[in-house]
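# Structure at a glance
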Amino acid sequence: MIYYDKLIFEISKPGRIGHNTPKNDFPKAVLPSSLLRDEDAMLPEVSELDVVRHYTNVSKKNFGVESGFYPLGSCTMKYNPKINDELASLSGFQNIHPLQPITHAQGFLRIYNELSIYLSEITGMDAYSLNTYAGAQGELAGLMIIKKYHEDRKDFKRKLIIVPDSAHGTNPASATVAGFDVLEIQSNPDGTVNMDALRASLSDEVAGLMLTNPNTVGMFEKDILEISDLIHDCGGLLYYDGANLNALLGVSRPGDMGFDITHLNLHKTFSTPHGGGGPGSGPVGVKSFLAPYLPGPIVEKIDSKYHLVTPSQTIGPLSNFYGNASVYLRAYVYILTLGKEYIPMIGKLATLNANYIKESLKDLFKLPIKEHAMHEFVYDGLLNNPHQIKTLDIAKRLLDYGIHAPTIYFPLTFSQSLMVEPTESESLETLDHFIETMRTIVDESNQNPDMIKTAPHHTIVRRLDEAKAARNPIVKFKDII
């Protein structure tokens, strides 16, 4: 490929032009000298053909759901149907401006309103705000609602948020940012809530409990109704982390379990591709008694028209306008495409696929939790491992076979965790290929362990010093010249 494996700056030659900027007839803006550059920006000078070849080549180095199997546990990296992209790309949606009059945005506002209704029905909530961005911001919004709810009741002593030690790391972080003290409680070996530990933690200082169901290791909280009663009886609220909702769609609803607040990761469950850090979306839903606290504005239909309304006791806006519009469009299309007839198949097929892989490889991998899993499950290293092959080695070797590695070393409750989530959109043939590949890797680990320990061998880069990369990242071309 000649020089197309290089950075675009490395193929730059002075005087080459790859663009044609139209003439600007507008008067130049007068900027203060403090905002003006002292020297020209460092930009590559390349021809249009070189630009096209360079970025086409770079795109082939990325791995995504459309490249191969992506069983990334706890992240639900599933296929995004093309109709979602096509409809979200219509000019009427792409060219809308958040400051234009709402009379000119009725179609968009209708989608916001109807999507809120659909999400309420799917989760058993009564109202949603689409104001928040990614899931962690949805968590923060939910915790701010909990805080304001107790403060409005003059119950200022409620400073504690209970978080199981098996929870996602964003849970205690969001609680801390919202101004709460975090009370971590011990989980059972399968990650479910330890009921004795929960009872011992209850007091009139508890503001709420944050819970993911199914939990981080893919187990359903069988005691959820009792948990709900315990939290509500002590005056607290129950918060649902929607990261694993994919396992329950159309089968079970958080609102029916007793949850008062939930955030949803629309970019996971409702099929917007979110690799590489975005885009995300975390709308927050509540039961009716908490609806006045939702972040605004929200969209309501009044006299056949759609209006932006600020809830009476709102915690305030958490985004400049109305959240991540493109993700909402895709979620709306996804829900309408499936309809109430097929949404229940998502959780069922996700659960079926996960358990199929789990049972198919249990003769080779340690299975710390043997019970029926939901959408994801965890292995804990090889059963027979004379050459001390680590989970990291297996993950790296999978890359050589064109399969993205599952989540590794999480949850922290197991030393060699390998968390697999196949999602509902993968075919039986893909699952069988993954199972066969895992068996091949195990055979290689016995016959040629050095090949596994030095993998990957066929990727653009070999195994990296990840600690050094995290502590000393080189992110600018200037840093390497």
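Everything numeric in this text was worked out from a predicted model, so none of it was measured. (Residues numbered from 1 in each chain as written. Predicted model: local features only at pLDDT ≥ 70, side-chain atom pairs only at ≥ 80, totals over all residues. Heavy atoms only, no water.)

Time to look at the UniProt feature "modified residue: N6-(pyridoxal phosphate)lysine" (unreviewed entry) in the protein. Using the residue numbers shown here, the UniProt feature "modified residue: N6-(pyridoxal phosphate)lysine" (unreviewed entry) corresponds to K268. Structurally, the position occupied by K268 is in helix α10 (residues 266-269). You can call K268 buried: its relative accessible area is 7%. For K268, the side chain forms a polar contact with the main-chain oxygen of S74, separated by 2.7 Å. (UniProt positions renumbered as here; feature names shortened; annotations may be inferred. Helix = DSSP H or I, 4+ residues; strand = E, 2+ residues; numbered from the N terminus. Buried < 20%, exposed > 50% of the residue type's maximum accessible area, 1.4 Å probe, protein only. Polar contact = N/O pair within 3.5 Å; in protein donor to acceptor, adjacent residues only side chain to side chain.)

The end-to-end C-alpha distance of helix α5 (residues 135-152), which contains 18 residues, comes to 26 Å, matching closely the 26 Å that a straight helix rising 1.5 Å per residue would cover. The set of residues buried in α5 consists of G135, G138, E139, A141, G142, L143, I145, I146, Y149 and H150. One or two steps after α5, the chain reaches K154, where phi turns positive at roughly 60°. (Expected span 1.5 Å × (residues − 1).)

In this section: the pairing of strand β5 (residues 237-242). Of all six residues making up β5, six are buried, and the element is well covered by its neighbours. The two faces of β5 match: L237, Y239 and D241 on one face and L238, Y240 and G242 on the other face are all buried. Sheet analysis places strand β4 (residues 206-212) next to β5, joined by five bridges and oriented parallel. Bridge assignment links L209 to a residue of β5, and that residue is L238. (Pairing = 2+ DSSP bridges.)

Let's shift gears to the sheet that holds strand β10 (residues 377-380). Taken in spatial order, the three strands of this open sheet run β10-β12-β11, and their pairing is antiparallel. Two strands bound the open sheet, and with one partner strand each, they are β10 and β11 (407-408). With four bridges joining them, β10 and strand β12 (residues 417-420) adopt antiparallel strand pairing. Within the sheet, the bridge partner assigned to D380 lies in β12 and is S417.

By size, the foremost hydrophobic cluster in this structure holds 47 residues, and its most contacted members are L115, L119, L198, I227, F259, L266 and F270. Among the secondary structure elements, those contributing two or more residues to this core are α4 (106-123), α7 (195-201), β4, α8 (224-233), β5 and α11 (325-360). Per element, the largest residue contribution to this core is nine residues, and it comes from α11. (Core = buried A, V, L, I, M, F, W, Y, C linked by side-chain atoms within 4.5 Å.)

Time to look at the packing of aromatic side chains. With the rule as written, the count across this model stands at 13 aromatic pairs. Members of the aromatic cluster, connected to one another through ring pairs, are F93, F108, Y112 and Y328. (Phe/Tyr/Trp six-rings, centres within 6.5 Å; stacked < 30°, edge-to-face > 60°.)

Read across the open sheet, the seven strands follow the order β1-β7-β6-β5-β4-β2-β3; overall the sheet is mixed. Two strands close off the open sheet at either side, each with one partner strand: β1 (127-129) and β3 (181-185). Between one strand and the next, the sheet's axes are offset by a mean angle of 25°, whatever the strand orientation. In the sheet, strand β2 (residues 160-164) pairs with β4 via three bridges, with the strands oriented parallel. Following the sheet pairing, I162 is matched in β4 by L209. Of the strands in this sheet, β1 and β6 (261-264) are in contact with α4, which crosses β1 at around 125°. Of the strands in this sheet, β2, β4 and β5 touch α8, which is tilted by about 135° from β5. (Axes fitted to C-alpha atoms, helices over the stretch in contact; angles between N-to-C directions. Contact = heavy atoms within 4.5 Å.)

Attention shifts here to the pattern of salt bridges. Per the stated rule, a full pass over the model turns up 19 salt bridges. Notably, a salt bridge pairs R199 with D196, separated by 3.4 Å at the nearest N-O pair. Linking R199 with D196, this pair stays in helix α7, spanning three residues, or about one helical turn. Assessed through its relative accessible area of 39%, R199 is described here as partly exposed. Since its relative accessible area comes to 57%, D196 is described here as exposed. E466 is the partner of K396 in a salt bridge, and the nearest nitrogen-oxygen pair spans 3.1 Å. Here the residue K396 occupies a position in helix α12 (residues 391-400), and E466 occupies one in helix α15 (residues 466-471), the gap between them amounting to 70 residues. Exposure remark for K396: the relative accessible area of 16% places this residue in the buried category. (Salt bridge = Lys/Arg side-chain N within 4 Å of Asp/Glu carboxyl O.)

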